Amino acid sequence: MRGVVMHAPGDVRVETREDPRILLPTDAIIRLSATCVCGSDLWPYRGVEVSKGPSPMGHEYVGVVQEVGSEVKNIKPGQFVVGSFFASDNTCPICRAGYQSSCIHREPVGGLGAQAEYLRVPLADGTLVATPDTPSDDLIPGLLAASDVLGTGWFGAVAAEVGPGRTVAVVGDGAVGLLAVLAAKHFGAERIIAMSRHEPRQRLAAHYGATHVVTERGDEGVARIKELTDGLGAHSVIEAVGTQESMMQAIRSTRAGGHVGYVGVAHDVQLPGDELFFSHVHLHGGPAPVRRFLPELIALIWNREIDPGKVFDLTLPLEQAAEGYQAMDERRAIKVLLNP
């Protein structure tokens, strides 16, 4: 099969890889209908994360089940399925508490390389969720978004305790941040402040429910949030970047007693204990337990109540994956969908 392999920072190639096969009786093989490039893929692409040798890429996926192992009971060949970036059994005590991304048997799908034509999915019964039927083509981008960026933005909103009457600020205008705006709107937030400097992303944020846009960053961004909230800060802030600056901007934009939901993959973030102690700000986040939300998200997409697929503003064939990485790196695209 053909699949994306990163050899070094900036060096992305589409190569012939070995076809996946059933290795464990709990595995499934799916033929991918769509995959995509994630903002987190840009960390190794930019050399911020060190990759050791050629690495298969991709952890977001939807497709049709081709084959299942002997112990797979609920997932059947021919079903269209959506999965998460962490495989999980969905039965351990941590999974049952709703944190499948910390399943005691979890396995990162990224190491298996979902930017490809086929994918082996471990723990298939716990990881994959079937759609009611084969989706129409226009629903596939939204279902693909559910496998990571929508589920991650959703978790950010849940972790930040978003709800009716609340003012929500979203730090980060990538796909996760934009879909956190969508989630905040769904949960009934009264005001949603998108922090963005890029006009196309501002327009999509407004489409998804943002009521205000703040272009300033850092201390100036915090000051604008305070100005919009009578000097108090937002009730809920969703951090969707993962840098020191974005995390501190999120914490400092939150009122005393408010909540930060942090879902940006953290890179060298260090929190000042004394400031955090006196802030009375709640912090909750981490790798989103996408599997917890998949049934609800699939139903909302299937019934056309939400359209998260709009974050894909560039679609390319799999063979042009390198162009997709470059477009996202240069912020010419919000998120790139790859057609195998």
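A brief look at the structure comes next. (Residues numbered from 1 in each chain as written. Predicted model: local features only at pLDDT ≥ 70, side-chain atom pairs only at ≥ 80, totals over all residues. Heavy atoms only, no water.)

Focus: the overall build of the protein chain
For the record, the criterion: Only runs of H or I of at least four residues qualify as helices and only runs of E of at least two qualify as strands under DSSP, and these elements are numbered from the N terminus. Put simply, the radius of gyration uses C-alpha atoms, and a globule should come to 2.2 Å times the residue count raised to 0.38. The criterion used for residue contact is that any of the two residues' heavy atoms lie within 4.5 Å. Surface accessibility in these figures is a Shrake-Rupley result with a 1.4 Å probe; residues are shielded only by whichever protein chains are displayed.
A count of helical and extended segments in the protein chain gives twelve helices and 18 strands. What you see for the protein chain is a C-alpha radius of gyration of 19 Å, in line with the 20 Å of a compact globule of 340 residues. Seen through its principal axes, the protein chain has C-alpha atoms that stretch 60 × 40 × 40 Å. Within the protein chain, contacts between residues at least 6 apart in sequence are counted, and of these 69% link residues at least 24 apart. If you sum the accessible surface of the protein chain, you get close to 14,000 Å²; carbon and sulfur atoms cover 50% of it.

Details of the nonpolar core
To be explicit about the condition: We call a set of buried Ala, Val, Leu, Ile, Met, Phe, Trp, Tyr and Cys residues a nonpolar core when their side-chain atoms join them within 4.5 Å. Accessibility here uses a 1.4 Å probe with only protein chains present; expressed as a share of the type maximum, an area under 20% marks a residue as buried, one over 50% as exposed, and anything in between as partly exposed.
Leu-150, Trp-154 and Ile-238 are the most contacted members of the largest nonpolar core, which totals 57 residues. Per-element tally for this core: the top contributor is helix 6 (residues 175-186), with nine residues. Once you skip the residues sitting within four places of it in the chain, Ile-238 turns out to touch Gly-156, Ala-157, Ala-160, Val-162, Val-168, Ala-169, Val-170, Val-171, Ala-180, Gly-261 and Val-263.

Overview of helix 12 (residues 321-329)
The condition is simple: Regarding the arc, it is the one traced by the directions from the helix axis to the C-beta atoms.
For helix 12, every residue scored as buried is listed here: Ala-321, Gly-324, Tyr-325, Ala-327 and Met-328. For helix 12, the angular spread of buried residues about the axis comes to 165°, placing them on one side. Structurally, helix 12 contributes buried residues whose contacts are with strand 1 (2-8), strand 2 (11-16), strand 3 (28-37), helix 1 (42-45), strand 17 (312-317) and strand 18 (335-339). Arg-331 sits one or two residues past helix 12 and shows a positive phi near 60°.

A word on the pattern of salt bridges
Condition: Should a side-chain nitrogen of Lys or Arg be within 4 Å of a carboxyl oxygen of Asp or Glu, the pair is scored as a salt bridge.
Under the counting rule described, the total for this entry stands at 15 salt bridges. Two residues, Asp-27 and Arg-120, come together in a salt bridge whose shortest N-O distance is 3.1 Å. Within this pair, whereas Asp-27 is found in the loop between strand 2 and strand 3, its partner Arg-120 is found in strand 9 (residues 118-121), the two being separated by 93 residues in sequence. No difference in accessibility class separates Asp-27 from Arg-120, as the two residues are buried. Between Arg-252 and Glu-275 there is a salt bridge, with the nearest N and O atoms lying 2.7 Å from each other.

Points about the pairing of strand 15 (residues 254-262)
To keep it simple, the criterion reads: For two strands to count as paired, DSSP must find a minimum of two bridges between them.
Here strand 14 (residues 234-239) pairs with strand 15 via five bridges, running parallel. Note that in strand 15 the partner of Glu-239 across the bridge is Tyr-262.

Some thoughts on unusual backbone geometry
A positive phi angle, close to 55°, is found at His-280, a residue other than glycine. Owing to a relative accessible area of 59%, His-280 belongs among the exposed residues under this scheme. At Arg-304, a position not held by glycine, the phi torsion is positive, near 60°. Inspection of the secondary structure puts Arg-304 in the loop between helix 11 (290-302) and strand 17.

Some remarks on the sheet that holds strand 16 (residues 282-285)
Selection rule: Only the contacting stretch of a helix is used when fitting its axis, a line to C-alpha atoms as for every element, and angles between N-to-C directions run 0 to 180 degrees.
What the six strands build is an open sheet, ordered 13-12-11-14-15-16; its pairing is parallel. Only two strands of the sheet have a single partner each, and these edge strands are strand 13 (212-214) and strand 16. Strand-to-strand twist in this sheet, taken as the mean axis angle between neighbours without regard to direction, amounts to 20°. Bridging between strand 11 (residues 167-171) and strand 14 involves four bridges; their strand directions are parallel. Residue Val-171 lies in a different strand from strand 14, and its bridge partner there is Glu-239.

Thoughts on the packing of aromatic side chains
Threshold: Centre distance within 6.5 Å is the pairing criterion for rings of Phe, Tyr and Trp, where only the six-membered ring of Trp is used; planes under 30 degrees apart are then read as stacked, over 60 as edge-to-face, and the remainder as tilted. A ring is scored as having a charge over it whenever the NZ atom of a lysine or the CZ atom of an arginine sits within 6 Å of its centre and within 35 degrees of its normal.
Overall, the coordinates contain six aromatic pairs when judged by the stated rule. On the basis of an interplanar angle of 55° and a centroid distance of 5.7 Å, the ring pair of Phe-85 and Phe-86 is categorised as tilted. What makes Phe-85 buried here is its relative accessible area of 13%. Here the aromatic residues Tyr-99, Phe-155 and Phe-293 are joined through ring pairs into a cluster of three or more. Cation over ring: Arg-106 sits above Phe-86, and NZ or CZ is 4.6 Å from the ring centre.

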